[in-house]
Amino acid sequence: MILVTGATGRPGSAVIREFVRHGDPVRALVRTPAKAAELQALPVVDVVVGDMLRPDSLSAALEGVDRVLMISGAGPDMLETQCTFIDAAKRAGVGRIVKFSGDDHFTGWDAEKFRSTRNHEQVQRYLLASGVPWTVLRPSQFMEAYFEEVPDIVARGELRLPLGEAALVPIAIDDIASIAHSVLTGDGHEYTTYRMSGPQALTGAGVAADIAAAIDRPVRYVDVAPQTKRSEWLGRGYPPPRADAFVELFDERRKLGTAKVNVATHRRFGIEPTTFHEFAARHAAVFRGERAYRSAAA
Ligand SMILES: NC(=O)c1ccc[n+]([C@@H]2O[C@H](COP(=O)([O-])OP(=O)(O)OC[C@H]3O[C@@H](n4cnc5c(N)ncnc54)[C@H](OP(=O)(O)O)[C@@H]3O)[C@@H](O)[C@H]2O)c1
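Residues numbered from 1 in each chain as written. Predicted model: local features only at pLDDT ≥ 70, side-chain atom pairs only at ≥ 80, totals over all residues. Heavy atoms only, no water.

## Regarding the site of the ligand
Test applied: The rule for a residue being near a molecule or strand is that one of its heavy atoms must lie within 4 Å of it. Whenever a nitrogen or oxygen atom comes within 3.5 Å of another N or O atom, the pair is scored as a polar contact, on the condition that within protein one atom can donate a hydrogen and the other can accept it, and that pairs from neighbouring residues in sequence are kept only if both atoms are in side chains. Surface exposure here means Shrake-Rupley accessible area, sampled with a 1.4 Å probe, where a residue is shielded only by the protein chains that are shown. Comment: elements are numbered from the N terminus, with helices defined as DSSP H or I runs of at least four residues and strands as E runs of at least two.
If you check the shell around the ligand, you find 27 residues, and the closest are Thr8, Arg10, Arg31, Thr32 and His120. Contacts to the ligand include Arg10, whose backbone N or O atom sits 2.8 Å from an oxygen atom. Protein coverage of the free-state accessible area of the ligand, which is 920 Å², stands at 86%. Those elements giving two or more residues to the shell around the ligand turn out to be helix H1 (10-22) and helix H4 (78-91).

Here's what the structure looks like:
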């Protein structure tokens, strides 16, 4: 059996949908039963309730599990959450843990510099030392991260980010989900790190142009000062540690310039990389404010 944690979240739910699309059985770990109705309705999905921070709650989830995709939120408790979970999975005899990590794909990027990216490195070191066979997935910024900017796109026709002229290489979560499905169901992926990005380096202006084309309305990129954006994020309900983490991250991104495209993993698994243009067109209703999106701000 294959277990996916974080199954109610953005990447986790996309991976579950990919299993459903293939008709492959999968178990979904859910911490908050109230969020599980959508998953419960899907065929081939075995929904199990448990908390990765409470090993005693994980017996049913881990029973008979050979492979796990380990995802939890990027908040300050990620290190403890995932290390606790690795211990529980090891005790239960899990044969491989696929860690969902991240990567900014800049030359000179130092993941140890920031709490959230450092925590991924720390979890990876813990996983490697655990002796459990592993795989690491390292996607770039999600294209879905731009859904967070829908309120300004709709109200002001502006994409307001403290990004300067830097270019990022965002990737569609559905591409990551297809790759994760192949890695989880296939053999020979032990002790391998798969880095992956979207197919283009895009500045804020480039992203704004693709969104404008998709929604057929003008969208202007505005390079806002980091502290201005911090206030705007707080106004939208981001907890201060999350707003602060983003300000640090964007500060570094604007210094480092242009991130590097890496679609070798897409090619390795025969997946055509989704362009931002295609992504924006597919989600035009979200960018127009006509359809809700799943926010990671809470
Ligand atoms: N945002 C990006 O652009 C980006 C890019 C690359 C990598 N990443 C990485 O992607 C990962 C997911 O981030 P996200 O913001 O997309 O997450 P998300 O949608 O908020 O999903 C997180 C999931 O983890 C679950 N979870 C958290 N703590 C748990 C616990 N103790 N026990 C069981 N389940 C728990 C949450 O359950 P509840 O619903 O109950 O809270 C939720 O289902 C993070 O590691 C992040 O660093 C993000």
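Continuing now.
## Some words on unusual backbone geometry
In this structure, His105 takes a positive phi of about 65 degrees despite not being glycine. With respect to the element layout, His105 can be found in the loop between strand S5 (96-100) and helix H5 (115-130). The backbone phi angle of Tyr191 is positive, close to 55 degrees, even though this residue is not glycine. Mapped onto the elements, Tyr191 comes out in the loop between helix H7 (173-185) and strand S9 (192-196).

## A few points about the nonpolar core
Applied cut-off: Think of a nonpolar core as a cluster: buried Ala, Val, Leu, Ile, Met, Phe, Trp, Tyr and Cys residues, connected wherever their side-chain atoms sit within 4.5 Å. For each residue, the accessible area found with a 1.4 Å probe, counting protein chains only, is set against the maximum for its type, and the residue is called buried under 20%, exposed over 50%, and partly exposed in between. Note on contacts: a residue pair is in contact if any heavy atoms of the two residues lie within 4.5 Å.
If you look at the biggest cluster of nonpolar residues, it comprises 38 residues, and the most contacted ones within it are Tyr146, Leu159, Leu161, Ile211, Val219, Phe276 and Phe287. Of all elements in the fold, only helix H6 (150-156), strand S7 (158-161), helix H8 (204-215), helix H10 (240-256), helix H12 (276-282) and helix H13 (284-287) reach the threshold of two or more residues within this core. It is H8 that contributes the most residues to this core, 6 residues altogether. If near-sequence neighbours (up to four positions away) are discounted, Leu159 is found in contact with Tyr146, Glu149, Ile153, Gly204, Val207, Ala208, Val219, Arg220, Tyr221 and Val222. Core analysis: the next-biggest nonpolar cluster, separate from the first, contains 32 residues, Ala14, Ile176, Leu184 and Phe269 among them.

## Here's the deal with the packing of aromatic side chains
The cut-off we apply is this: In this analysis, rings of Phe, Tyr and Trp, with Trp reduced to its six-membered ring, are considered paired at centre separations within 6.5 Å, and the interplanar angle assigns stacked below 30 degrees, edge-to-face beyond 60, and tilted for intermediate values. Criterion for a charge above a ring: Lys NZ or Arg CZ within 6 Å of the ring centre, and within 35 degrees of the ring normal.
Here the structure, examined in full by the defined rule, presents 17 aromatic pairs. Judged by centre distance (6.1 Å) and plane angle (50 degrees), the rings of Phe147 and Tyr293 are tilted. Of this pair, Phe147 sits in the loop between strand S6 (134-139) and H6 while Tyr293 sits in the segment after H13; the two residues are 146 residues apart in sequence, bridging distant segments of the chain. Given a relative accessible area of 7%, Phe147 falls into the buried group. Exposure remark for Tyr293: the relative accessible area of 26% places this residue in the partly exposed category. Judged by centre distance (5.5 Å) and plane angle (50 degrees), the ring pair of Phe276 and Phe279 falls under tilted. With Phe276 and Phe279 both in helix H12 and 3 residues apart, the pair spans about one turn of that helix. For Phe276, a relative accessible area of 0% puts it in the buried group. Sitting over the face of the ring of Phe269, Arg268 holds its NZ or CZ atom 4.7 Å from the ring centroid.

## Section: H5
The periodicity of an α-helix, 3.6 residues per turn, causes residues three or four positions apart to be oriented the same way. As a reminder, the rule being used: Any helix carries an expected span of 1.5 Å times its number of residues minus one.
The terminal C-alpha atoms of H5 lie 22 Å apart, and with 16 residues this matches the ideal 22 Å at 1.5 Å per residue to within 8%. Gly131 sits one or two residues past H5 and shows a positive phi near 90 degrees.

## What to know about the environment of Arg230
Positionally, Arg230 belongs in helix H9 (residues 226-235). The spatial distance from the C-alpha of Arg230 to the C-alpha of Ala37 is 34 Å, given a sequence separation of 193 residues. If near-sequence neighbours (up to four positions away) are discounted, Arg230 is found in contact with Pro240, Ala243, Asp244 and Val247. For Arg230, the side chain forms a polar contact with the side chain of Asp244, separated by 2.5 Å.

## What to know about the packing of H1 against H7
Note the threshold: For helices, the fitted axis covers only the stretch in contact; all axes are lines through C-alpha atoms, and the angles between them, taken along N-to-C directions, range from 0 to 180 degrees. In this scheme, roughly parallel covers angles under 35 degrees and roughly antiparallel covers those over 145, while 65 to 115 is roughly perpendicular and the rest are oblique. Crossing handedness: left-handed means the near helix sits turned counterclockwise from the far one by under a right angle, and right-handed means the same turn made clockwise. Under the scheme applied here, ten amino acids are nonpolar (Ala, Val, Leu, Ile, Met, Phe, Trp, Tyr, Cys and Pro), four are charged (Asp, Glu, Lys and Arg), and all others, including Gly, are polar.
Closest axis-to-axis distance for the H1/H7 pair is 8 Å, and the angle between their directions is 60 degrees. The angle between H1 and H7 falls in the class oblique. For the element pair H1 and H7, the recorded crossing hand is right-handed. Judged by residue contacts, Arg10, Pro11, Ala14, Val15, Arg17, Glu18, Phe19 and His22 of H1 engage Ile173, Asp174, Ala177, Ser178, Ala180, His181, Leu184 and Thr185 from H7. Class assignment for the residues of the contact of H1 with H7 results in 8 nonpolar, 4 polar and 4 charged.

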